[in-house]
Amino acid sequence: MQNKGLIRVFALIFGLVCLYQLSFTYLTNKTEDEAKAYAVAQAPTDADAQDLIERTYLDSIGANPIFAGITYNDAKEKELNKGLDLKGGINVILQISIRDILGGLSNNSTDPAFIAALDATDEAQKDSQNTYFEDFVTEFEKQGGQLASPDIFANVVLEDKVNTGMSNSEVATVLEGEITETVGSAFETLRNRIDKFGVTQPNIQSLGDNGRILVELPGAKDIDRVRGLLEKTAQLEFYTTHYAGEALNYLIGANETLRTLVAASEKKEAAVAQDSTLDDNVSDLLKDVDEEEEEQDFGPLFKIFSPNQQAVQFSQVPTVGFAAVKDTATINSYLRNPAVIKQRPASLRYAKFAWGVPEEEGADIVGLYALESNRQGAPYMDGDVVNDSRQQFTQTQQPAVGLDFEGQGVNQWAKLTREVAQKGNAIAIALDGNVYSAATARQEIKGGSTEISGNFTVASAQDLATVLNAGKLPASAKIIQAEEIGPSLGQEAINSGILSFLIALSLVLIWMVFYYGKAGGFADIALVVNILFIFGVLAGLGAVLTLPGIAGIVLTIGMSVDANVLIFERIKEEIRKGKSQKDAIKDGFNNALSSILDANITTFLTALILFLFGTGPVQGFATTLMIGIATSLFCAIFITRLFIDGYGKNGKSLEFATGMTKNLFVNNNVDFLGKRKIAYAISGVLIVGGLAALLTGGLDAGIDFVGGRTYTVRFDQPMNAQEVEDALVADFGSADVKTFGADNQLKITTKYRIDETGTDIDAQVEQQLFTSLTPFLPSGMSYAAFAKSTDDKQVGKMEYYMVGPTIADDIKKGALFAVIGSLIVVFLYILLRFRRWQFSLGAVAAVFHDVLLVLGVFAIFKNIMPFDMEVDQNFIAAILTVIGYSLNDTVVVFDRIREYIKEHGSTRGFGKLINQALNSTLSRTLNTSVTTLIVLLAIFFLGAPSIRGLMFALIVGVIVGTYSSLFIATPVMFDTVQKKGLKEEKEEEEVEA
């Protein structure tokens, strides 16, 4: 090997750089452990106080040097990032409403063609791969209208960019630019909010051109607080209120109208369902009214709405009445009923009814307000005039938010307070449609400042001030995919990951020494160096380490020995030919290089495709796999060579086997081709059985592909999954419950209300889940204890994952493209590398064979195995890895066949050459499979439950991949050639001078 000195220097420098990069992780972990210990000592029993103390402590010492001039803040920026599944936190994909953006650009047009196109686009998006705007243009053109109409986009909003003479395509180009700019503004607004939230190492990135934004907040514990921070539009508005007594009189009449409608529905339920005078949802709502007569019939409205008694006596109070949060949607539907709206007096014609927020934390009662507005629903003044907001305290020392106005806002505020002081009504301050405070003014206020008070904690007041300062979102944002993982579950994942990693590493190290003796020890050293390189590169690139990422590293351990196995087996062959140890080592490394490169490039290509099409943890798996392949090549080819050459330079004898393994797989003479028909028959039966299971029962599709909500819930005792499922089906209509890991932990999946998005919907579904599970939970457990994330949590919701139906369809199609793309890339690579389409066909046939068998196993055993066998993004990662592994084996065999053809030309029977190639590589094939299976089994039995299905797929894939490389890929290639042979010019033997 040339330039040994240069390679030594490079390896040493690279190793030191990796240690340097990892030192930051050590320093941050050490400092955070000290902060946690300090917090526990200060507040031994209060988890919330501990979190606050820990954050305060870290903030206070952030700029102080902790080692060699390195501050905690510096180290934190450079540490190895841990993903949500290892650290806990929240990961969401937000959908910025393109419909809202288009509505704003149209100046809130009510043009029938425009509205019809938007409604049709909403429906089309459920199954479409186009962007919202692309589908909108298509649907609008079906209406036959003109985008440049004065009633749509040729308006004051776009007066400098759109005129009535423009074509639809010209307007579409303008609109596309406006949408991109608006989504960019939303991105910056969200980033400003997140930067001020205080979460370390947040990640926010725009996903494509459909208004989707990914937000990852590792370590975030207060999930509800984070959701509110992300979804708040921050639309701040100031209204004057109608007198509650006036609004209450109207509601009394509305209640009588609703009573009549209920009576009619009880007589002719079917007719009522078709009555066009009712709101679309009214008939469903009226069905919920109890049919049993009560002692006193209050009517549909007042049965769930309590009038404010003060409004009866003092009509000028602002609060009309009260209702439970769960009933507000029903009451809203009543108030939207056209028959009820028709009864409005002139003074309330344009009134907006809005709900307040609970007066106490944990309460579920809110007040109703009647707000003065105009035909357009505009407020008296909006939040654009606010210059600054901040968290402060009221005179009674309650948390509040202070506001300062600027420009015209100062005069508007003075005018507003003067009018309210004269009329005796109130000023309602509303944020995103909810009234936070409604107070009267005794006199005109000229200072240009005010205060929002209400049920605030210090944290919620700080968050509100943050979103107001960051600015309002230009359109509503809804969470369409969310993942929440509690920190205690993350810590358990770290512990299991480390354990499986160490055991797998130990087993591989022992196996290499057992099989290859002292040479195996040198390979072990190279393997340990390889692991150092992998972690160092991950830290240096700022990559995120995830649980599948750890699986990728451990899998790399098994696969990385493949290069050393190839080299050692070739050296043993050269020694058996009678060559000296020095020449055998030289030729062994040189002859193995082609196979090593081909095998690793094909695996790298599949990992690259997985990285491009995957998201989140799947990308982490692909990243570590690609890094591992690159570092493994360097370590096997150069580091191992340095040790072997260094040991043998003084004439020391180096055995590449032990006494027990010296004669294993020597002089093999298995007729693989002769058994190919039997292999075809066995594979055919297995594939047909698998296809039958796929066609009849299908796969257990995870919510990644079908949409839904999944909760991981832990109990204080072993649970019967079927019993819990029966209870949930009664409340949710559909639910799937499985034991997940330990017998006291369940994975609960439901599609209940999955078509509805928003924080309030998620909260309602979770509250319903808690109610349904209450009989199975510890006695007296509160909803807060069930839902809240803590470091030491042992019972309750441990993890939550939600995928909306629209993005689920995108994920499913992306996964299909990834698999097809990998097959095409591999076919082309092998065709380019071996110059024969028969080789490509054989390899792809083997890959198809392996994928079908893995799918068949999952279809057959989905309800039999005692672990989760859902088909999700992790499963797709497994399929692509199986493709890479299968090709790895196949390419090594093909490479030996090509070598034999070049060596012997056509002087020997082609079938005999193939059998000889298969026999000569058998030791390498089985050795690599054994080491890979060792590490996969270690992760399978000792790793976290969330990746057990992934590991099972890989285990099956390794087994069938080894089988197919021997009995499918090469025989298919042989049968395709049909005894013609692959004639190559026999290479002239090089004669050494």
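Just so it is clear, the structure is predicted and the values come from calculations on it, not from any experiment. (Residues numbered from 1 in each chain as written. Predicted model: local features only at pLDDT ≥ 70, side-chain atom pairs only at ≥ 80, totals over all residues. Heavy atoms only, no water.)

Engineer: Explain the overall build of the protein chain here, please?
Structural biologist: Of regular secondary structure, the protein chain possesses 33 helices and 23 strands. Its C-alpha atoms give the protein chain principal-axis dimensions of about 110 × 65 × 65 Å. Long-range pairs, those at least 24 residues apart, make up 75% of the contacts in the protein chain between residues at least 6 apart in sequence. Carbon and sulfur atoms make up 55% of the accessible area of the protein chain, which totals about 44,600 Å². Put simply, the protein chain has 82 plus and 118 minus side-chain charges, and the middle of one group is 9 Å from the middle of the other. (Helix = DSSP H or I, 4+ residues; strand = E, 2+ residues; numbered from the N terminus. Contact = heavy atoms within 4.5 Å. Areas by Shrake-Rupley, 256 points an atom, 1.4 Å probe, with all protein chains shown as cover. Lys, Arg positive; Asp, Glu negative; His and termini not counted. Charge placed at Lys NZ, Arg CZ, Asp CG, Glu CD.)

Engineer: Got a minute to help me understand helix α9 (residues 223-231) in this structure?
Structural biologist: Residues separated by three or four positions in an α-helix point in the same direction, a consequence of the helix having 3.6 residues per turn. Taking burial as the measure, the nine residues of α9 include seven buried ones, the bulk of the element. Listed in full, the buried residues belonging to α9 are Ile223, Val226, Arg227, Gly228, Leu229, Leu230 and Glu231. (Buried < 20%, exposed > 50% of the residue type's maximum accessible area, 1.4 Å probe, protein only.)

Engineer: Teacher, can you tell me more about the environment of valine 724 here?
Structural biologist: Mapped onto the elements of the fold, valine 724 is located in helix α25 (residues 721-732). Along the chain, valine 724 and valine 930 lie 206 residues apart, while their C-alpha atoms are 41 Å from each other. Discounting residues that sit within four places of it in the chain, valine 724 has contacts with Met719, Val737, Leu746, Leu773 and Phe776.

Engineer: Just to check I follow, could you spell out the packing of aromatic side chains for this structure?
Structural biologist: When we look at a pair of aromatic rings, we describe it by the centre distance and by the angle of the planes. This model, assessed by the stated rule, comprises 35 aromatic pairs. Centroid distance phenylalanine 770 to phenylalanine 786: 5.4 Å. Interplanar angle 45°. Geometry classified as tilted. Of this pair, phenylalanine 770 sits in helix α26 (residues 759-773) while phenylalanine 786 is found in helix α27 (residues 783-787), placing the two residues 16 residues apart along the sequence. Across this residue pair, the class does not change: phenylalanine 770 and phenylalanine 786 are buried. Aromatic rings pair up to connect Trp511, Phe514, Tyr515, Tyr516, Phe568 and Phe656 into one cluster. The lysine or arginine in question, arginine 641, covers the ring of phenylalanine 589, its NZ or CZ lying 4.7 Å from the ring centre. (Phe/Tyr/Trp six-rings, centres within 6.5 Å; stacked < 30°, edge-to-face > 60°. Lys NZ or Arg CZ within 6 Å of the ring centre and 35° of its normal.)

Engineer: Sorry if this is basic, but what is going on with the nonpolar core here?
Structural biologist: Burial of nonpolar side chains together is a common tendency in soluble globular proteins. Counting 141 residues, the largest nonpolar core has Phe568, Ile830, Phe875, Ile883 and Ile897 as the members making the most contacts within it. Apart from the residues lying within four places of it in its own chain, the contact partners of phenylalanine 568 are Met512, Tyr516, Ala519, Gly520, Ala523, Thr640, Ile644 and Phe656. Ala113, Phe114, Ile152 and Val724 belong to the second largest nonpolar core, which has 74 residues in total. (Core = buried A, V, L, I, M, F, W, Y, C linked by side-chain atoms within 4.5 Å.)

Engineer: Which parts of the structure should I look at to understand the sheet that holds strand β14 (residues 399-405)?
Structural biologist: Sheet strands line up and pair through hydrogen bonds in the backbone, either parallel or antiparallel. Pairing is antiparallel across the open sheet formed by three strands, whose spatial order is β13-β14-β17. Lying at the two open borders of the sheet, with one neighbouring strand each, are β13 (386-393) and β17 (449-452). Strand after strand, the sheet turns through a mean of 25° between neighbouring axes, direction not considered. Looking at chain direction, β14 and β17 are connected through four bridges and run antiparallel. Bridge pairing in β17 links leucine 403 to threonine 450. (Pairing = 2+ DSSP bridges. Axes fitted to C-alpha atoms, helices over the stretch in contact; angles between N-to-C directions.)

Engineer: Help me understand the pattern of salt bridges, please; the structure alone is not making it clear to me.
Structural biologist: Side chains bearing opposite charge may pair, as long as their charged atoms lie close to each other. Enumeration according to the criterion identifies 35 salt bridges in this entry. Taking the shortest distance from any N to any O, the salt bridge between glutamate 79 and lysine 76 comes out at 2.9 Å. With respect to class, glutamate 79 is no different from lysine 76; both count as buried. With its nearest N and O atoms 2.4 Å apart, the salt bridge here joins lysine 161 to glutamate 178. (Salt bridge = Lys/Arg side-chain N within 4 Å of Asp/Glu carboxyl O.)

Engineer: Even after reading the chapter, I still don't get the sheet that holds strand β11 (residues 365-371), so can you show me in this structure?
Structural biologist: Overall, antiparallel pairing links the four strands, which are arranged β8-β9-β11-β10 in an open sheet. Among the strands making up the open sheet, the edge pair consists of β8 (306-307) and β10 (352-355). Pairing analysis gives four bridges linking β10 to β11, with the strands arranged antiparallel. Across the sheet, the residue bridging to lysine 352 is leucine 371, located in β11. Contacts from helix α14 (residues 328-336) reach β9 (319-324), β10 and β11, with the element oriented near 175° to β10.

Engineer: Honestly, the packing of helix α21 (residues 581-613) against helix α28 (residues 805-834) in this entry has me stumped. Any pointers?
Structural biologist: When two helices pack together, their arrangement is given by the angle between their axes and by how far apart the axes lie. The interhelical angle for the contact between α21 and α28, taken along N-to-C directions, is 155°, at an axis separation of 9 Å. In this view, α21 runs roughly antiparallel relative to α28, as classed from their interaxial angle. Crossing hand, α21 versus α28: right-handed. The residues of α28 that touch α21, namely those facing Ser594, Asp598, Ile601, Thr602, Leu605, Thr606, Ile609 and Phe613, are Gly814, Phe817, Ala818, Gly821, Ser822, Val825, Val826, Tyr829, Arg833 and Phe834. Of the residues assigned to the contact of α21 with α28, the class counts are 10 nonpolar, six polar and two charged. (Parallel < 35°, antiparallel > 145°, perpendicular 65-115°, else oblique. Left-handed = near helix turned anticlockwise from the far one by under 90°. Nonpolar A, V, L, I, M, F, W, Y, C, P; charged D, E, K, R; others polar.)

Engineer: Whenever I open this one, the state of the cysteines confuses me. Can you help?
Structural biologist: In protein chemistry, a disulfide is the covalent bond that joins the sulfur atoms of two cysteines. In this structure the tally under the stated criterion is zero disulfides. Free of any disulfide, cysteine 635 has its nearest neighbouring cysteine sulfur in cysteine 18, separated by 9.5 Å. (Disulfide = S-S within 2.5 Å.)

Engineer: Hey, could you run me through the side chain of serine 595 in this one?
Structural biologist: Here serine 595 is to be found in helix α21. Side chain to side chain, serine 595 and aspartate 895 meet in a polar contact 2.8 Å long. Here serine 595 is in contact with Leu566, Val892 and Asp895, once residues within four sequence places are set aside. (Polar contact = N/O pair within 3.5 Å; in protein donor to acceptor, adjacent residues only side chain to side chain.)

Engineer: I'm lost on the confidence of the model for the protein chain in this one. Help?
Structural biologist: As a note on interpretation, predicted positions should not be read in detail where pLDDT is low. In the predicted model, the protein chain carries a mean pLDDT of 82, and the fraction of residues at 70 or more is 92%. Contacts for the low-pLDDT stretch residues 270-279, under 50 throughout, to residues beyond four places or in other chains number 14 contacts. Taken together, the stretch residues 285-295 has pLDDT below 50 and engages in 12 contacts with residues farther than four places along the chain or on a different chain. (pLDDT = per-residue confidence, 0-100.)

Engineer: Is there a simple way to explain the pairing of strand β16 (residues 434-439) in this structure?
Structural biologist: Consecutive residues of a regular strand have side chains that alternate between opposite faces of the sheet. In this sheet, β16 lies alongside strand β15 (residues 427-431) in antiparallel orientation, the contact comprising five bridges. Looking at β16, one finds that isoleucine 427 is bridged to alanine 439. Joining the antiparallel neighbours β15 and β16 is a turn of two residues, in which aspartate 432 adopts a positive phi near 50°.

Engineer: How do you make sense of helix α33 (residues 948-977) when you look at a structure like this?
Structural biologist: Across its 30 residues, α33 extends 41 Å between first and last C-alpha, which sits within 8% of the 44 Å expected from 1.5 Å per residue. If you look at α33, its biggest bend is around 50°, right at serine 964. The buried fraction of α33 is high, at 26 of 30 residues. (Expected span 1.5 Å × (residues − 1). Bend = angle between axes of the 7 residues up to and from the residue.)

Engineer: Honestly, a nonpolar patch on the surface in this entry has me stumped. Any pointers?
Structural biologist: The grouping of Phe604, Leu608, Leu612, Phe613, Leu816, Phe817, Ile820, Ile824 and Leu828 at the surface amounts to a nonpolar patch, some 840 Å² of accessible area in total. Elements with a contribution of two residues or more to the nonpolar patch: α21 and α28. Broken down by element, the nonpolar patch gets its largest block of residues, five residues, from α28. With respect to the secondary-structure elements, isoleucine 824 resides in helix α28. (Patch = residues over 30% accessible without salt bridge, like charges linked within 9 Å, V, L, I, M, F, W, Y side chains within 5 Å.)

Engineer: Honestly, unusual backbone geometry in this entry has me stumped. Any pointers?
Structural biologist: Both trends apply: most residues other than glycine have a negative phi, and most peptide bonds are in trans. Positive phi values are uncommon outside glycine, yet alanine 68 reaches one of about 50°. Among the residues examined, alanine 68 registers a relative accessible area of 70% and is labelled exposed. A positive phi angle is found at aspartate 432, which is not glycine, with a value near 50°. By secondary structure assignment, the location of aspartate 432 is in the loop between β15 and β16.

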